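Survey of secondary and tertiary structure
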Amino acid sequence: MHAAVLLKRHKFLLLATALALPVCAQAADQTAPATDAADLDAVQETVVTGLRGGAHRAAIDSPSPVDVVGAAQLAETGKVGLKELLNQLVPSFNLPGVNGGGTSWTVRSTTMRGLNGDQALVLVNGKRRHNTALINNLARIANGGVPVDLDLIPVAAIDHIEVLRDGAAAQYGSDAIAGVINIILKKQPGGGSVDSGLGQNYGGDGFTKHVAANYGLDLPRQGFLNLSADYKDNQSASRAAPTSVANLYNPLPGGGRDPREATADRTFYGGGYGPGQETIYSGSYNAELPLGDKIGDDVTLYSFSTVSKRRSRKNTGSFLPNNLNSLAEVYPNGFNALRRIWETDFQTTVGGRGGIGAWAWDLSTTYGRDDAKLDGENTLNATLGPTSPTYFHLADQTFDQVSTNLDVSRPLDLGWSAPVTLAWGLEHRYERYEIGPGDPASYAIGTYVIPSGYYAGQHPAPGLASYSGTSPADSGAIARNNGAAYIDLATNLTPAWSVDAAGRVEHYTGAVGDTASGKIATRYELAPGYALRGTVSNGFRAPSLAQTIYASSTFTGTVDAAGNYITLPIKVLPATSGEAKALGATPLTPETSTNYSVGVTAEPAHGLQLTLDAYRIDIKDRIVQTGLLTGAAVSRILQAAGYAPGLSAQYYTNAVDTRTEGVDAVANYLVDLGQAGDVRLGAAYSWTRTYITHIKPTPTQLATLGYALFDRQKQADLTDATPRGKAILSADWHWDRLRVGTRLTRYGSYTEAGTVAANDRTFGAKWITDLDVGVDLTDRLSLSLGANNLFDVYPDAIGIVDAKTGLNKYGLFSPFGITGGYYYSRLSVKF
């Protein structure tokens, strides 16, 4: 019998068994060694994010909420990409299952506390991480975002991750509106490990391979060099379900039905509805070398780096044999156009830290680069006729970032109950973004006329099928410099009352100009183990360079008011271009934000921690993409600028103000079961809702053409496309050589909106169960078996389906994917 059916029939038994194992083991075995009581202190995780001068404190003692995700948690999920790992482990983090094609599949847009992924700052060892060069231009969730690509950081290198759920622009600068993700690399000086895993979907597709290795070396004077390597390969999967029996081929000359209809494989044309194929090779090092007191006091040199190479392949459009651009001489049975992306990404930090007298200093420089080459495979430019190439180079996209930081701190004794920690610093950042042109054949518009057959005498539609290359006119480069200074003060005004304050000023070259931000955070201990905390801050996010100059020609699939699937050629315009201005565009300006949070923490028993935090984030001048501007009037404006006829348009604009409100609740309990080991129980819940408080008036140029600047579908994608509620219940039991981990995640309902209300689809809440069972075969060898989405749960099958290709049965936004259950095995070796 199919495994998924068995799991469904016995899911409650399996779940109850997994959760009851710790209790059963305690009763059945009195010989296992007792857990060291000191292990219960493992729940007291220490953090450095949001602190200066090398300070650290317990996460629960922070005035801002911080989640800590350890290396063991990352390894025991069965997922191999960092975005999917965080989606499983952090309630405030969400990742849509499909969302878009092309670069939007590769980048995989995320949200954090209801805000876009590029509104959260990513650090590695406390240093700013560079953003991707690929813009999320075909996504609906987080459309237009240019976030850090977390999947290009090798998981094997990560010691733990600290997720600061609070605005931190005053401490770290632009982007830290939703919060900060600080990835701390491993620094073990000796020993190593190799982990290898295999897995696939219950349906037999989506086969995954993963190998991760880590090795540490001792350096003189208690220094270290830690090396990591990571390989992961994900094969594609699709859940397309064609239902149409309509003709795929044009009628024969006499009007009869083409005999190929009887044997045509109608499932061939829906291969893009699901994850694409992706292979990533990555490596890293993390090193420190103390020099002693030769230069000041206790000088330590440090450096760390990551490097990744990714190749991805995704079906981004299916063209039936009866399509005008499916030239029968090239593709007699139609084709699936594939987007290929070849990407090289690296970041290196070199620095030193030490002390001079009472002052501690840290000076570093970081260089990061993401270089992506975009190609089209198994497609054609039909305007060039049957001699058209079928493989094209479409564009080069490159982002460079160089940051230099000086951080200085010292304690000041002012006679208060505790010293005041004074920290100040300077930062300079240089950024450059470049788009290079593709092959001439990828953007050329030929003069081919179909000579005979059903479409005799017609010109094929211009551009490549599914997308077009970047022309020299759309290519270019842009750069800017940024200088910043900050000051940070932290102290305990009384033994029970701590206060932190920070201020930051920045200057950007170009249109961004000057910004200033500040933050006050406080915590008051009401009684031992019980405290109130709260913060207030303002922040900003500068427009990304990609959003400023990005231009592309592509095709988008949409559903018209009658529920029919249509494909439209669109042009994404830079806001400063003449044709965008003719449609009402104005230059982009920074987003500004105000953040408030208040919370309570409690430790009512040893090993038990409870936190509850509420927050509000107001953002003004939020950068979004306009609705789809289509029709004869728009086409004429674009033609006047030299573009092909029949194009639709979009551009980025500061169109809306929003308010995001939410509540995060977290409980962790580490229980000593005596001879039956220990179990760590967790419960976390995140609720968030975004409102649009103001929409910029539609420019006269659009209003006279009958368009809205930000239409109903775009508004709903911003406010209703991700679940408002997400809950995670977990139990992780360790006993002797056995470990059993279970996790239940409830994803709340969400809506995929149409351009009219009749096409709205609201997908119901779902519970997803994960199970991981591991055993130490020896002191150095362990084996784990597990399943994600154990009971093979799918989103509601209520999407508006394209009958010919079978796309969209489960929609696009599912936060747990559309491919059902996934099982895996993992073998780990320590040395």
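Residues numbered from 1 in each chain as written. Predicted model: local features only at pLDDT ≥ 70, side-chain atom pairs only at ≥ 80, totals over all residues. Heavy atoms only, no water.

Observations concerning the overall build of the protein chain
For the protein chain, the count of helices and strands is twelve helices and 36 strands. Compactness check: the protein chain gives a C-alpha radius of gyration of 28 Å against a globular reference of 28 Å for 831 residues, within 12% of the reference. Along the first, second and third principal axes, the C-alpha set of the protein chain runs to 90 × 65 × 50 Å. Looking at the protein chain as a whole, 56% of its 831 residues qualify as buried. If you sum the accessible surface of the protein chain, you get close to 31700 Å²; carbon and sulfur atoms cover 59% of it. Charge-centre separation for the protein chain: the mean point of 68 positive side chains lies 5 Å from the mean point of 77 negative side chains. (Helix = DSSP H or I, 4+ residues; strand = E, 2+ residues; numbered from the N terminus. Rg over C-alpha atoms; globule rule 2.2 N^0.38 Å. Buried < 20%, exposed > 50% of the residue type's maximum accessible area, 1.4 Å probe, protein only. Areas by Shrake-Rupley, 256 points an atom, 1.4 Å probe, with all protein chains shown as cover. Lys, Arg positive; Asp, Glu negative; His and termini not counted. Charge placed at Lys NZ, Arg CZ, Asp CG, Glu CD.)

Describing the pattern of salt bridges
This model, assessed by the stated rule, comprises 42 salt bridges. The partner of Arg165 in a salt bridge is Asp67, and the shortest N-O contact between them spans 2.8 Å. Placement of the pair is Arg165 in the loop between strand E9 (158–164) and helix H6 (169–172) and Asp67 in strand E3 (residues 66–70), with a sequence separation of 98 residues. Residues Arg165 and Asp67 agree in their burial class; the two are buried. One continuous salt-bridge network, built from bridges that share partners, spans Glu427, Arg429, Glu431, Arg480, Arg504 and Glu506. (Salt bridge = Lys/Arg side-chain N within 4 Å of Asp/Glu carboxyl O.)

Regarding unusual backbone geometry
Despite not being glycine, Asp736 shows a phi value in the positive range, around 50°. Turning to its location among the elements, Asp736 is positioned in the loop between strand E30 (725–735) and strand E31 (738–747). Judged by its relative accessible area of 57%, Asp736 is exposed. One non-glycine residue, Asp792, lies in positive phi territory at about 60°. Considering the arrangement of structural elements, one finds Asp792 in the loop between strand E35 (781–788) and strand E36 (822–830).

Things to note about the packing of aromatic side chains
Applying the stated rule across the entire model yields 14 aromatic pairs. Aromatic side chains Trp733 and Trp735 sit 5.9 Å apart centroid to centroid with 5° between the ring planes, which places their arrangement in the stacked category. Here the two residues Trp733 and Trp735 agree in accessibility, since each one is buried. Connected via pairs of aromatic rings, a cluster forms that spans Phe319, Tyr331 and Phe335. Seen from the ring of Tyr615, Arg113 lies directly overhead, with NZ or CZ sitting 4.3 Å from the centre. (Phe/Tyr/Trp six-rings, centres within 6.5 Å; stacked < 30°, edge-to-face > 60°. Lys NZ or Arg CZ within 6 Å of the ring centre and 35° of its normal.)

Quick look at helix H12 (residues 712–719)
Burial analysis of H12 places six of its eight residues in the buried class, which makes it a mostly covered element. Looking at H12, one finds that the buried residues are Gln713, Lys714, Ala716, Asp717, Leu718 and Thr719. Next to the buried residues of H12 lie strand E27 (608–625), strand E28 (648–672) and strand E29 (678–695). The residue sitting at the N-terminus of H12 and contributing the capping side-chain oxygen is Asp711; that oxygen lies 3.2 Å from the backbone nitrogen of Gln713. (Contact = heavy atoms within 4.5 Å. Polar contact = N/O pair within 3.5 Å; in protein donor to acceptor, adjacent residues only side chain to side chain.)

Observations regarding empty space enclosed by the protein
To locate leftover empty space, one rolls a probe as large as a water molecule over the atoms. Scanning the entire structure with this criterion turns up nine cavities of 30 Å³ or more. For the largest cavity, the calculated volume is near 700 Å³. In terms of lining, the largest cavity is formed by 39 residues, of which the most central are Lys79, Glu84, Arg108, Pro275 and Thr819. Put simply, the parts of the chain that give the lining of the largest cavity at least two residues each are helix H4 (82–89), helix H5 (103–107), strand E13 (223–234), strand E14 (277–292), E31 and strand E34 (766–776). Top contributing element to the lining of the largest cavity by residue count: H4, with three residues. Reported here for the second largest cavity is a volume of approximately 260 Å³. Surrounding the second largest cavity, 24 residues form its lining, Asn116, Arg140, Ala142, Asp717 and Leu718 being those nearest its centre. Elements supplying a minimum of two residues to the lining of the second largest cavity: strand E6 (115–116), E27, E29 and H12. A class-by-class count of the residues in the lining of the second largest cavity yields nine nonpolar, nine polar and six charged. (1 Å grid on protein atoms, 1.4 Å probe; cavity = no way out; pocket = protein on both sides within 12 Å on 5 of 7 lines; lining within 4 Å. Points joined across faces, edges and corners; volume = space filled by probe spheres on them. Nonpolar A, V, L, I, M, F, W, Y, C, P; charged D, E, K, R; others polar.)

Quick look at the sheet that holds E9
Taking strand neighbours across the sheet as the criterion, the five strands line up as E3-E9-E10-E7-E8 in an open arrangement whose pairing is mixed. Two strands close off the open sheet at either side, each with one partner strand: E3 and strand E8 (127–128). Across six bridges, the pairing between E9 and strand E10 (residues 179–185) is antiparallel. By the bridge assignment, Val163 is partnered in E10 with Ile181. Of the strands in this sheet, E3, E9 and E10 are in contact with H4, which crosses E9 at around 55°. (Pairing = 2+ DSSP bridges. Axes fitted to C-alpha atoms, helices over the stretch in contact; angles between N-to-C directions.)

Concerning the nonpolar core
Of all hydrophobic cores here, the largest spans 33 residues; its most connected members are Tyr433, Leu573, Leu583, Leu629, Val634, Tyr651 and Leu702. When contributions to this core are tallied by element, the ones reaching two or more residues are strand E19 (420–436), helix H8 (545–549), strand E25 (565–573), E27, helix H10 (632–640) and E28. In terms of residues, this core owes the most to one element, E28, which gives five residues. Leaving out residues up to four positions away in the same chain, Leu629 has contacts with Leu583, Val634, Ser648, Ala649, Tyr651, Leu702, Tyr707 and Ala708. Residues Met112, Val148, Ile161 and Tyr302 belong to the second largest nonpolar core, which totals 31 residues. (Core = buried A, V, L, I, M, F, W, Y, C linked by side-chain atoms within 4.5 Å.)

The analysis is restricted to geometry; functional conclusions fall outside its scope.
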